[in-house]
Every structure is written in structure tokens, then in C-alpha cells.
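# A look at the structure
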There are 2 protein chains.
Amino acid sequence: MADGTEPIWGEIWIENDKITYVGAEKPTEIHWDVERNVCGNLILPGFKNAHTHSAMTFLRSYADDLPLHDWLNTQVFPMEAKLNEDLIYHLSKLAILEYLTSGITANFDMYLTPDSIVQASIDCGFRTVLTGAVNDFSQSAALIGEWYQKYNGYHPLISFELGFHAEYTTSRDILEDLAALAALYRAPVYTHNSETASEVQSCVEKTGMTPTQYLDSLHLFDYGGGGYHCVHITPEDIEIFKQRGISVITNPASNLKLASGIAPIQALLDAGVNLAIGTDGPASNNCLDMFREMFLTTALAKVRENDASAVDANAVLRMATVGGAKAMRLTDCETLTPGSQADLIVLDLNQPNMQPLNNISKNIVYSGSKQNVVLTMVAGKILYENGQFDVGEDPASIYAKANEITAQLKAQ
Amino acid sequence: MADGTEPIWGEIWIENDKITYVGAEKPTEIHWDVERNVCGNLILPGFKNAHTHSAMTFLRSYADDLPLHDWLNTQVFPMEAKLNEDLIYHLSKLAILEYLTSGITANFDMYLTPDSIVQASIDCGFRTVLTGAVNDFSQSAALIGEWYQKYNGYHPLISFELGFHAEYTTSRDILEDLAALAALYRAPVYTHNSETASEVQSCVEKTGMTPTQYLDSLHLFDYGGGGYHCVHITPEDIEIFKQRGISVITNPASNLKLASGIAPIQALLDAGVNLAIGTDGPASNNCLDMFREMFLTTALAKVRENDASAVDANAVLRMATVGGAKAMRLTDCETLTPGSQADLIVLDLNQPNMQPLNNISKNIVYSGSKQNVVLTMVAGKILYENGQFDVGEDPASIYAKANEITAQLKAQ
């Protein structure tokens, strides 16, 4: 399924955090601690949410109905300035609960400071790849380098990638320092890229180049990397993505809601660029639902290209699973194969939106829903099953803290 | 909530099919058969699915990735030619299950023949407004007149409205006969209208008028009515909608998936036209999910207008409830007020996508999901609760029949 092939009937065996067998039913001497008969349902690799700002849950339904720049400057930044590590910890946990309901087993998280995000993920048993968000107002290239060393190898569920907020918020000095880090670690670099038309226009006016060309000229992508959004890109940008092995992470719901535009996914697919899907943060989406994003990825491509055959369901499923894992360098979480991490989900096909079974990939992408997710497993541990969470804290307590924090921040 | 106001804390009493009390907690002498404490959750009027073709469930994930005209002519029409009343009965029931999971309490159904659709709805306890689909190839104006008389007053859950398939499939003779029926019954007329650019262009070439102008010139809308889709409309069309009291029923997911375009919802709102939302049929959407449609209604308006403040959440909630009821002439199903039909839903707010509670309307429209629907009641009867259906037939039997029918039709 993950690569668009037909599903197989059979068993998956999991020992500790890894898949050890996938195939036809097979007798075994092993005594299993836990067995699940998911007969008639579908096991898939977990979805990878390849761009998000988890802790922004507190801004859900608070800062809406504004264009990107006003939204950032008048609503988001002033509220974010009041956050601290402890608040980020609780707000990140709320997002993790939502990821689990949507079959998301890993997130690529960009936020103010990594320490308590890392702790929230470890405490919940959730997998997180962090990326730096350095810009002229927060973090620093030196900190990014420290975090890169600290968090790679820190815990099996955690890794860290070099990154900065965006071209339009980050001075050339910082970008050059980051390029030096990329060269030092032979590491990819990730950033928001060409999200709005005005961002691209400003960069062209300032540098004579698009953001992609400008950043590439500074050697930021010598070891690959990724761009979030990439709505307003040129054929030359796409050529750079291809040559440098840069992944494009699309965020269709956020791009609609902030009126940013519709990304040229079909052109990126045609060029062979690796594609992944992200929800973006809950302030701009507002939900963390991979099913919504998958449908939008294909449906918006169809209306953008004026071609109902654009970006088919199998291509979208690949983006949401393998493509995301590649973008996040989670190479052992791509597919359901022995030796891979046991990051998987079970989808209930015995629901009206999944019937009849003409084509399972299309059912998932065109009519699938969070309602179909009956089990979400990360690193061999079931964190969500039949609506119940097992994340080390009662969800009611996580909701209560999120509401308290939100009330407190609004009152300040 | 239904009209954008803040929610109240209190009780709703229901006797038989009607709401008898809404307000603060109140002692009573009445012995209740059933009580539900939904404390902390939200009761809303049920969503009205104001345009669908329910029985097309058999084509879900079968005929995808084609533009509207090819899709109709090469996939849909040949398969539909093999249907009969019995098959339509079972396929309609599958759609009803899906409506219930999405908090939809009534549908406005246009399909080949009404008899078994009516029976499926009555047997499930579901509310259906049928509309005629006469065109040059099926039904007739005489049959529409017969059905109008037969099905209005036939059963409390059923009503029938005059309608035809579309300007581009229906000859002037039939349209004139329908206009005579509209005059006879002083009744509104409903149709697919201006769904694609090519449909509008053909009509202009043929008649010198847009479809809306042409149909209006034939007196089809002298007593109001409605247009499904209305993607490619002019300011003059909008003026006609306004003057004639014509509702516009938007179908955003279908319009994306068939690459038809994005409807000008903000302009229609500004003009004061009554707006409603429909899923369209499961062959073109492919799911019957009002949450997806609500998010798309606002998000697509934002990107179309290049204005993140376009079509706010309260406007969308009105369309999905009151606006739909008005379009379908379900005047006793609009709001939660004493004397109204008890068509209502309960949304679980204790889910991560509904937290924190900054703004409940925005939470529903921007991050709500079928997963939040814990109860769906039609005419005072609970048809769906906590994932279980009470529709007079086991869902597994409905799924099995849908798969059998689909296999049989594909093999023919």
C-alpha cells in the first residue's frame, strides 16, 4: 500500500520497537504478549506529519481570518512571546493526542525551543524530528549547532535537523553561519519557503533572486534539505529542488486558510522531487488531520491544473508515508518491512465511508477520515486504540491544562 | 449556535418527533423514557445535506480522476443504466449510514427514480427531500408532477420538490412543461446550474444568455428554487438569485475533485442570497462528510478572494443548518426551538481537535470532524450513537449488499 501496491492478507509480527515479520499467516513458537485480530481492516505505515508547530494548539480558533503577515504580527508573535518551556510542554502534548487520532506516528516540529517538546514526545512515546527555527528574533546559529549535536542520538524517538524560520525573517549572516553548519555536518537544511507571493516578490526585489535561488546561492542546500509550503515557485526553483535533493512539504489547508495559494504539486511530481505532507500548526489550519491534507493535496491539484486526473490517490499516499519519512530522514520508518520501526496504524474499513471496496487507496485518500483510525502504534507501543489514549497522562488533564494556559495567556 | 449566537447551558426536552422545551435546567413531572447527560458536549441542529445523489455509493472510488463530462459519459451513465429500484434501495441505505456519522439529519436527494429512495429513508427513519431530475433521457415533466402530488404528504419524513437535471441535458419543451408545473403548484424549481465553464459557454452560444438568465426567462424561478454548484456565475445571475429568492447550494469538494472550479461564495453572501451546502454524490466527492464541506466552503473562499477574512465560521455554520433547511423548505427543522422537529446532533468537545475552547463555532468549522459526532437524532429518534447505528438493518448487511451490487454491476 505505502508504495501504491495492492494490500496483502497476512500477519505482522512486532518485537520491541521493530517489525520482525510481514507475510502470510505462519505458525510460531513465540509467545506473544499482545495479539490483535484486525481481520478485514487495513494496516498501513503511520502517516508522517512533515511540517507542524505543535505547541500552537493554544491559538486554535483564536487568531483566524487574517492574512499571513497580519496574523503573524498582530496575533501570533505577541501571544508566543508569553510562552515558556513548561507551557510548551503541555501544549505539545495536546497536539500529540490529535496526531494519534489521525494516524500520525511522527511529526517534524519547528518551534521556539526544543527542550520541552522533546520531553513531551518522550513522555507520550511519540516520535519527533525537530528542526531549528533560527531567525533574527530568536534562537541562533550557535544554538542550532548545539541542538544538532545534543538531540541526534539523545533518544530513539528524537532527532534534530538544521533549519531556520524563513528567508524573510533571517539575515544573511545567520544564513551563512547555517550554511557552514550544513557543510560541517554534511547535513540538510529546512525552512519555510515561498509561502506567499509577497514573500517571493520582496526577495526578488532585495536580491534579484527567488528565495530558493538566493538560499541555494548561499550553499544552504549543498546537502539537501526541505522547503515547507513552496506555493509560489518557479520552474528554476523546481530544478534546484531536483538537483539538490530538496524535499517539498506541502501544507494545503494552511495555504487555503491564510489565502496563500495552491502549490504546483503536479509539476513537482513530474520533476521527480520528493514530496511530503504537513498539517502546519493548529493556529493556521486549524486541525492536525492527515486525511484532510491528503484529500486537499489531490483535490487542489485537480482544480489548479484544471485536470481531474492530476496527482492520483497512490501518489498522495506515498507522500503521506514514504515521502514524509524521506523528508524527515526517518529511513527506518518508511514501510512495513522486517527491520523497520513498528510505526503503524490500523484503519477500520467497516465504516460507511470505506464501502464498497472498489479501490482501497482511493477510499483512504478521497473518503477516509480520522473516524477510521482504530489503532496508532509508535515504536511498537500502542498509543491510541478505539478512541482511548495511552500516553502516560489522562487526556482530560491535558485538555484542562491547555484551557488554563490559554486563559492565562489571553489575560496577560 | 445555529444562527451564530453563543451556546447556552441547559436542557432540551423532546416528545415524540418534536422539541418541547429548550432552556435552563427545569424540574418536571414528566417521566422520560430516555435521558442523556451530554454535559460538556454540544447540541446543534442536524446538518442538512442540500445536494446529493445518495445511491451513487456504488461508484465510490470507481470512476475517479476524470473531468465532469467524460466522467458522466464514460463511467457514470453506463453503470447507472444497469440500476434498478431494488439496487437503489440498498445503495441509498449505505449513504444514509454515512450521513448519520457526519451529523447530517436530512438530505436533498436527486436521483433516477424516487420510490425506493423514499422507502430506504422511511425504513431507516431518515429525513429526505427528493427533487426531480427530469432530462431528455429519463423521467418526464408529467412524472415530476405525479411525484410532487404523491410524495408531499406521503410520510412525515418525506417531501418532494420540482426539479430537472440541468440546462444542458434538458430540452426547452420539458423546461416549459416544468415552468407550467411551477406555476400550477406555486412551487420552487431546483437544478444543477453553472457547474462548469464549458456548460455556461455552450448555453451562451446557444441562447445568448447564461443558464440562470435562460432558465429565468422561461419562468422556471417565478416561485424561487435553487441551483446546485453555481461555480461559474455572473453578477447578473446573482441579481436573479436575489430577486427570485433562489438558494445556492455549494458543493466545494466535488467542484475541486472534478476540476470544475471555486464558487464565489463571498459575493453571494454579500448579495444576501440564501446559501446551503451539499456533499454532491459519493462518486464525485467521494465522501458524504459535512465537516469537510464546511471547512472547504470557508477555506476556498479565502483563497479565491485572496482574503483570509472571507466567509467566516458562523456564516458557514448557518449554511450547513438554517440555510440548508430553508433551501429544502424544511421550515420546522431549522433551529432548536420548541415546536421544531427534533433533528439534532451531539458533538463531543472532549477530543483533542476541539481543545482548547477559544471559539466553538470556529472549532466546529475549522477543526471539527465526523469523529466528534457522538449522537444523531432524526424526528426524535436516535439513529446513531457512539458509533452504533439503529436503522432497522445491521450495517454489515448493508455493506455486504453494496459490495455484491458493485461486483455484479462491474461484471455485467
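In this text, all values refer to a predicted model and were calculated from it rather than measured experimentally.

Let us look at the overall build of chain A. Counting secondary structure elements, chain A contains 14 helices and 15 strands. Relative to a compact globule of 412 residues, whose C-alpha radius of gyration would be 22 Å, chain A shows 21 Å and is just as compact. Among the 412 residues that make up chain A, the fraction classed as buried is 64%. Carbon and sulfur atoms provide 49% of the accessible area of chain A, an area that totals close to 14000 Å².

In this section: the pairing of strand S1 (residues 11–15) of chain A. Residues in a regular strand project their side chains so that they alternate between the two faces of the sheet. Residues and elements named next belong to chain A. Bridging between S1 and strand S2 (residues 18–23) involves 5 bridges; their strand directions are antiparallel. Its bridge partner being in S2, glutamate 11 is matched across the sheet by glycine 23. From the end of S1 to the start of S2, which pair antiparallel, there are 2 residues, and asparagine 16 there has a positive phi angle of about 55°.

Attention shifts here to the interface of chain A and chain B. Reports often express the size of an interface as the amount of accessible area lost when the parts come together. Taken residue by residue, the interface counts 60 residues in chain A and 60 residues in chain B. When chain A packs against chain B, close to 4700 Å² is buried across both sides, 58% of that on carbon and sulfur atoms. Among the residues of chain A in contact with chain B, Asp65, Pro352 and Asn358 of chain A are the three that bury the most area, contributing 14% of the side total. Among the salt bridges present, the one from aspartate 64 of chain A reaches lysine 362 of chain B, with a minimum N-O distance of 3.8 Å. In this assembly, chain A and chain B are joined by 20 residue pairs in polar contact (both at pLDDT 80 or more).

The subject of this paragraph is the UniProt feature "domain: Amidohydrolase-related" (unreviewed entry) in chain A. Within the UniProt annotation, "domain: Amidohydrolase-related" (unreviewed entry) is assigned to residues 43–383 of chain A. The annotated region residues 43–383 of chain A carries 43% helix and 18% strand content, and the separation between its end C-alpha atoms amounts to 15 Å.

The next thing to look at is the side chain of asparagine 49 of chain A. Residue and element names in this part refer to chain A. Its location among the elements puts asparagine 49 in strand S4 (residues 47–52). Residue class for asparagine 49 comes out buried when judged on its relative accessible area of 0%. A distance of 2.8 Å separates a polar atom in the side chain of asparagine 49 from the backbone nitrogen of threonine 279. Excluding its chain neighbours within four sequence positions, the residues that come into contact with asparagine 49 are Tyr99, Ile104, Ala106, Asn107, Phe108, Ile277, Gly278, Thr279, Met290 and Met328.

As a further point, take the sheet that holds strand S3 (residues 42–45) of chain B. All names here are of chain B. Spatial strand order, S3-S12-S13-S14-S15: 5 strands in an open sheet with antiparallel pairing. On the outer flanks of this sheet lie S3 and strand S15 (388–389), each paired with one strand and no other. Strand direction decides the pairing type here: strand S12 (residues 344–347) and strand S13 (residues 373–378), joined by 4 bridges, are antiparallel. Looking across to S13, one finds that valine 346 is bridged to leucine 375.

What follows covers the packing of helix H2 (residues 85–101) of chain B against helix H14 (residues 395–411) of chain B. Residues and elements named next belong to chain B. Across the interface, H2 lies against H14 with an axial gap of 9 Å and an inter-helix angle of 130°. With respect to each other, H2 and H14 are oriented oblique. In this structure, H2 meets H14 at a crossing whose hand is left-handed. Where H2 abuts H14, its residues Leu87, His90, Leu91, Lys93, Leu94 and Leu97 lie against Pro395, Ile398, Tyr399, Lys401, Ala402, Ile405, Gln408 and Leu409. Across the contact of H2 with H14, the residue classes break down as 10 nonpolar, 2 polar and 2 charged.

The next point concerns the packing of H2 of chain B against helix H3 (residues 115–124) of chain B. Residues and elements named next belong to chain B. For the pair H2 and H3, the least separation of the axes is 8 Å and the interaxial angle reads 40°. Considered as vectors, H2 and H3 are oriented oblique to each other. The way H2 lies across H3 gives a crossing that is right-handed. Where H2 abuts H3, its residues Glu85, Ile88, Tyr89, Ser92, Lys93 and Ile96 lie against Asp115, Ser116, Ile117, Gln119, Ala120, Ser121, Asp123 and Cys124. The class makeup of the residues in the contact of H2 with H3 is 6 nonpolar, 4 polar and 4 charged.

Residue and element names in this part refer to chain B. Pairing within the open sheet is parallel, and its 8 strands lie in the order S4-S5-S6-S7-S8-S9-S10-S11. What marks the edges here is a single partner per strand, and that holds for strand S4 (47–52) and strand S11 (275–277). For this sheet, the mean inter-axis angle between neighbouring strands, taken without regard to orientation, is 25°. Of the strand pairs in this sheet, strand S9 (residues 225–229) and strand S10 (residues 246–250) are connected by 4 bridges, and their pairing is parallel. Counterpart to glycine 225 in the pairing with S10 is isoleucine 246.

Turning next to the side chain of arginine 127 of chain B. All names here are of chain B. Position of arginine 127 relative to the elements: it lies in strand S6 (residues 127–131). Its relative accessible area of 3% is what places arginine 127 among the buried residues. Side chain to side chain, arginine 127 and glutamine 341 meet in a polar contact 2.7 Å long. Side-chain polar atoms of arginine 127 contact the side chain of aspartate 343, separated by 2.6 Å.

Here the focus is the nonpolar core. In this structure, Met294 of chain A together with Met294 of chain B are the most contacted members of the largest nonpolar core, which totals 227 residues. The residue makeup of this core includes at least three contributed by each of domain 1 (11–44 + 335–389) and domain 2 (47–333) of chain B. When near neighbours in sequence (up to four residues on either side) are disregarded, methionine 294 of chain B contacts Phe47, Ile277, Val316, Leu317, Ala320, Ile364 and Val365 of chain B.

Residue and element names in this part refer to chain A. Inspection of every chain in the model, using the stated rule, returns 28 salt bridges over all chains. Among the salt bridges present, the one from lysine 18 reaches aspartate 17, with a minimum N-O distance of 3.8 Å. With its nearest N and O atoms 2.5 Å apart, the salt bridge here joins glutamate 385 to arginine 36. Here glutamate 385 is found in strand S14 (residues 381–385), whereas its partner arginine 36 is found in the loop between S2 and strand S3 (42–45), with 349 residues between them in sequence.

By a simple turn and slide, chain A fits onto chain B: the slide is 0.0 Å along the axis, the RMSD is 0.0 Å, and the turn is 180°. The symmetry that links the two subunits is that of a two-fold axis. The position closest to the rotation axis in chain A is occupied by the C-alpha of glutamine 371 of chain A, lying 2.4 Å away. A high fraction, 100%, of the interface residues of chain A reappear at the interface in chain B, so the copies pair face to face through one surface.

Structurally, proline 78 of chain A is set in helix H1 (residues 68–80). With residues near it in sequence (within four places) discarded, proline 78 of chain A still touches Leu72 and Asn73 of chain A.

A word on H2 of chain B. Residues and elements named next belong to chain B. The terminal C-alpha atoms of H2 lie 25 Å apart, and with 17 residues this matches the ideal 24 Å at 1.5 Å per residue to within 8%. Within H2, 15 of the 17 residues are buried, which leaves the element mostly enclosed by the surrounding structure. N-cap assignment for H2: the residue whose side-chain oxygen lies 3.0 Å from the backbone N of aspartate 86 is asparagine 84. One or two residues past the end of H2 sits glycine 103, with phi positive at roughly 75°.

Glancing now at the pairing of S6 of chain B. Residues and elements named next belong to chain B. Among the 5 residues in S6, 5 count as buried, and that is most of the element. A two-sided burial pattern is seen for S6, the buried positions comprising Arg127, Val129 and Thr131 on one face and Thr128 and Leu130 on the other. Where strand S5 (residues 104–110) and S6 come together, 5 bridges link them in parallel fashion. Across the sheet, residue alanine 106 finds its bridge partner in S6, namely arginine 127.

Attention now goes to the packing of aromatic side chains. As enumerated under the stated definition, the model contains 20 aromatic pairs over all chains in all. With 4.8 Å between their ring centres and 45° between their planes, tryptophan 13 of chain A and tyrosine 21 of chain A make a pair best called tilted. Tryptophan 13 of chain A sits in the buried class, given a relative accessible area of 10%. The exposure class assigned to tyrosine 21 of chain A is buried, which follows from its relative accessible area of 16%. One aromatic cluster in this structure is built from Trp13, Tyr21 and Trp32 of chain A. The side chain of lysine 257 of chain A reaches across the aromatic face of tyrosine 366 of chain B, ending 4.7 Å from its centre. The ring centre of phenylalanine 295 of chain A lies 3.4 Å from the NZ or CZ of arginine 292 of chain B, which sits over that ring.

Thresholds, definitions, all that
Every chain's residues receive numbers from 1 upward, in the order its sequence appears when written. Each chain is given a letter, starting from A, and each ligand a number, starting from 1, according to the order in which they appear as written. Under the rules for a predicted model, residues below a pLDDT of 70 receive no local features and side-chain atom pairs below 80 are neither given nor counted, while totals for whole chains, interfaces and linings still include all residues. Here the side-chain values reflect all heavy atoms present in the structure, with hydrogen atoms and water set aside. Helix numbering and strand numbering both begin at the N terminus, where a helix is a DSSP run of H or I of at least 4 residues and a strand a DSSP run of E of at least 2. In this description the radius of gyration comes from C-alpha coordinates, and the expected globular size is given by 2.2 Å times residues to the power 0.38. Summary of the burial criterion: residues with accessible area below 20% of their type's maximum are buried, those above 50% are exposed, and those between are partly exposed, where the area comes from a 1.4 Å probe applied to protein chains only. Here the open area of atoms and residues is found with the Shrake-Rupley method and a 1.4 Å probe, where only the protein chains shown may cover a residue. At least two DSSP bridges between two strands are required for those strands to pair. Whether two residues are in contact is decided by their heavy atoms: any pair within 4.5 Å suffices. Accessible area, probed at 1.4 Å, shrinks when two parts are joined; the buried area is that loss added up over both. When a carboxyl oxygen of Asp or Glu is within 4 Å of a side-chain nitrogen of Lys or Arg, the pair counts as a salt bridge. The term polar contact refers here to a pair of N or O atoms within 3.5 Å; inside protein, the definition further demands a hydrogen-donor-capable atom paired with an acceptor-capable atom, and it admits residues adjacent in sequence only when both atoms are side-chain atoms. UniProt positions are given in the numbering used here, feature names are shortened, and annotations may be inferred rather than shown by experiment. Axis definition: a line fitted to C-alpha atoms, over the contacting stretch in the case of helices. Angles run 0 to 180 degrees between N-to-C directions. The cut-offs work like this: below 35 degrees is roughly parallel, past 145 is roughly antiparallel, 65 to 115 is roughly perpendicular, and the gaps in between are oblique. Should the near helix be turned anticlockwise from the far one by less than a right angle, the crossing is left-handed, and should it be turned clockwise, the crossing is right-handed. Throughout, the ten residues Ala, Val, Leu, Ile, Met, Phe, Trp, Tyr, Cys and Pro are labelled nonpolar, Asp, Glu, Lys and Arg are labelled charged, and all others, Gly among them, are labelled polar. To form a nonpolar core, buried Ala, Val, Leu, Ile, Met, Phe, Trp, Tyr and Cys residues must be joined to one another through side-chain atoms within 4.5 Å. An automatic or database domain assignment supplies the residue ranges for each domain. When the copies are overlaid, the least-squares fit takes in C-alpha atoms only where the residue has pLDDT of at least 70 in both copies. What a helix is expected to span follows from its residue count: subtract one and scale by 1.5 Å. A pair of Phe, Tyr and Trp rings is counted when the ring centres sit within 6.5 Å of each other, with Trp represented by its six-membered ring. The angle between the planes then sorts it: under 30 degrees is stacked, over 60 is edge-to-face, the rest tilted. Two conditions define a charge sitting above a ring: the NZ of Lys or the CZ of Arg must be within 6 Å of the ring centre, and it must be within 35 degrees of the ring normal.

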